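Residue-level structural notes
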Amino acid sequence: MPTAPRKGAIALAYRVFVLPGVIVYLFAVSTVVLAADRFWLVDLATFAWPYVVAVGVLLTVAALLTRRVKAIAMAVIGLAVALLPAADVPTARASSAQGGIKVMTANIFGDNIKDRAAFLTLLKQERPDVVVLEETSPAWERLISSSGLYPYESSTEAMLRDALKVYSTLPIRAETELKRAVTEPQAYKQPLRLELDLAGKPLFLYAFHPETPRRLWQWRDRNAYLSAAADAVKGDLERAPVIVAGDWNTPTWSPFFRTFLQQSGLASTADGWLQPVTRFTMKLEAFAYIGATIDHIAVSPDIFLRKHRVGPAFGSNHRPVIAELTLPQT
């Protein structure tokens, strides 16, 4: 039996910390889940959502230790609400079939990386069939184009315009920039759409890199970018399989990520709320990858997933995302 002093300490902790904590937590996560699609600053909280869920776990444990039914109930409800965004993400169906293609996306951080050899080594080790790069500079383009790894690549014009670059072992039939209407005065970014040749049949590939939502206009433009791309993807789904890859500047737990998938008809190749960080702060890299999961690969329902993983750091503030896929034709 707990002693009187211990009972008093538990009662004090309950009144001062645990009960107020679970009340605030339940209110905060409910606000984000219900209002993130309408308010910029609320949506920004989804970038830290795994850490928010971790706080919910700690509060639930603390509530259990107090043995107070009210605190336990609110903590469990708050944690359940925090887990809802991950539960609502459509995910690709698994496959154990051999063959298919490997897709990699990586934000190579422009010219901030002085030693590019690590990424070139990664390409030689992984041998992805399709590589989607963001923040590509002319120096990066020259390096990878001259490596002899990829016989096909997107145009230099697209790279200079949006810093997007695609390398492929599959022939590129056509390349178009999605001409979406922009309403923000400073907006200019457009998704890059490629039609690849997969054994004589088309495969559509979209390369993404919308604005980072650090400012209100960037948030609005990112959301408009995703919405316009979703409509275009939905149209292509009637003709052939579709793959979308890139730095989406949108975490898995944002309502705008889920809305894109639902609107376009695609599925994410990653699942669960505890996903590896893909964009991290380099100041803490020596200790842990602290950041958000904003680099994604999504596929149409007729594409199955064999493996999804986040690759090693190579000098950028992003880690590469790799998906091994089984396509209908393969």
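Residue numbers restart at each chain and count upward from 1, following the sequence in its written direction. It should be noted that, the model being predicted, local features are given only for residues of pLDDT at least 70 and side-chain atom pairs only at 80 or more, the latter also being counted only at that level, while totals for whole chains, interfaces and linings use all residues. Hydrogen atoms and water are omitted, and side-chain values are computed over all heavy atoms in the structure.

Notes on the UniProt feature "domain: Endonuclease/exonuclease/phosphatase" (unreviewed entry) in the chain
Quick reminder of the rule: UniProt positions are given in the numbering used here, feature names are shortened, and annotations may be inferred rather than shown by experiment. Comment: elements are numbered from the N terminus, with helices defined as DSSP H or I runs of at least four residues and strands as E runs of at least two.
Per the UniProt record, the feature "domain: Endonuclease/exonuclease/phosphatase" (unreviewed entry) sits at residues 104-318. Helix and strand shares over residues 104-318 are 26% and 28% respectively, and the end C-alpha atoms of the span are 13 Å apart.

Some details on the environment of L58
This is how it is decided: Remark: exposure states derive from per-residue accessible area (1.4 Å probe, protein chains only) relative to the maximum for the residue type, with buried under 20%, exposed over 50%, and partly exposed in between.
When you line up the elements, L58 lands in helix α3 (residues 49-66). L58 gets classed as exposed once you look at its relative accessible area, which sits at 61%.

A closer look at the packing of α3 against helix α4 (residues 69-87)
Where we set the bar: Note on method: axes are straight lines fitted to C-alpha atoms, helices fitted across the in-contact stretch only, with angles between N-to-C directions ranging 0 to 180 degrees. Each angle receives one of four descriptions, namely roughly parallel if under 35 degrees, roughly antiparallel if over 145, roughly perpendicular if within 65 to 115, and oblique otherwise. Rotating anticlockwise by less than a right angle from the far helix to the near helix defines a left-handed crossing, while the corresponding clockwise rotation defines a right-handed one. By definition in these notes, contact holds between two residues if any of their heavy atoms fall within 4.5 Å.
It is the contact of α3 with α4, at a shortest axis distance of 8 Å, that shows an interaxial angle of 160°. The pairing of α3 with α4 is recorded here as roughly antiparallel in orientation. For the pair α3 and α4, the sense of crossing is left-handed. Side by side, α3 and α4 meet where W49, V53, G56, V57, L59, T60, A63, L64 and T66 of the first sit next to A71, I72, A75, V76, L79, A82, L83 and P85 of the second.

Quick word on the environment of A75
With respect to the helices and strands, the residue A75 is situated in helix α4. Measuring from C-alpha to C-alpha, the distance between A75 and V18 comes to 9.2 Å, with 57 residues separating the pair along the chain. Residues contacting A75, with those up to four places away along its chain left out, are V22, L59, T60 and A63.

With respect to the pairing of strand β4 (residues 165-168)
Here is the rule: Pairing between two strands is assigned when DSSP locates at least 2 bridges connecting them.
Of the two faces of β4, the one carrying K165 and Y167 and the one carrying V166 and S168 are both buried. Examined bridge by bridge, strand β2 (residues 130-134) and β4 share four bridges and lie antiparallel to one another. From the neighbouring strand, L133 faces β4, where its bridge partner is K165. Across two bridges, the pairing between strand β3 (residues 152-153) and β4 is antiparallel. Residue pairing for β4: E153 is matched across the bridge by Y167.

With respect to the UniProt feature "transmembrane region" (unreviewed entry) in the chain
Sites flagged by UniProt as "transmembrane region" (unreviewed entry) map to residues 12-36, 48-66 and 71-87. The span residues 48-66 is 95% helical and 0% strand by assignment, and the distance between its end C-alpha atoms comes to 28 Å. Structurally, residues 71-87 is divided into 100% helix and 0% strand, and its ends, taken at the C-alpha atoms, are 24 Å apart.

Concerning a nonpolar patch on the surface
Stated precisely, the cut-off is as follows: Residues enter patches when they are more than 30% accessible in relative terms and free of salt bridges; like-charged ones are connected within 9 Å and nonpolar ones (Val, Leu, Ile, Met, Phe, Trp, Tyr) within 5 Å. Methods summary: accessible areas were calculated by the Shrake-Rupley approach with a probe of 1.4 Å, and residue burial reflects only the protein chains presented. For this document, the term salt bridge refers to a Lys or Arg side-chain nitrogen within 4 Å of an Asp or Glu carboxyl oxygen.
A surface patch of nonpolar side chains, amounting to about 410 Å² of accessible area, comprises Y51, L284, F287 and I290. Within the secondary structure, L284 is located in the loop between β10 (279-280) and β11 (291-292).

Points about the sheet that holds strand β13 (residues 304-310)
The strands that make up a sheet pair up through hydrogen bonds in the backbone, lying either parallel or antiparallel. On the basis of which strands lie adjacent, the open sheet formed by six strands has the order β3-β4-β2-β1-β14-β13 and mixed pairing. In the strand order of this sheet, the two ends are held by β3 and β13, each with one partner. Two elements, β13 and strand β14 (residues 321-326), share six bridges in a ladder whose sense is antiparallel. Pairing of V310 across the sheet is with V321, part of β14. Across the sheet, helix α5 (residues 117-126) is in contact with β1 (101-107), β2, β13 and β14; its angle to β1 comes to roughly 170°. Strands in contact with helix α6 (residues 138-145) are β2, β3 and β4; relative to β4, the strand with the most contacts, it is inclined by about 5°.

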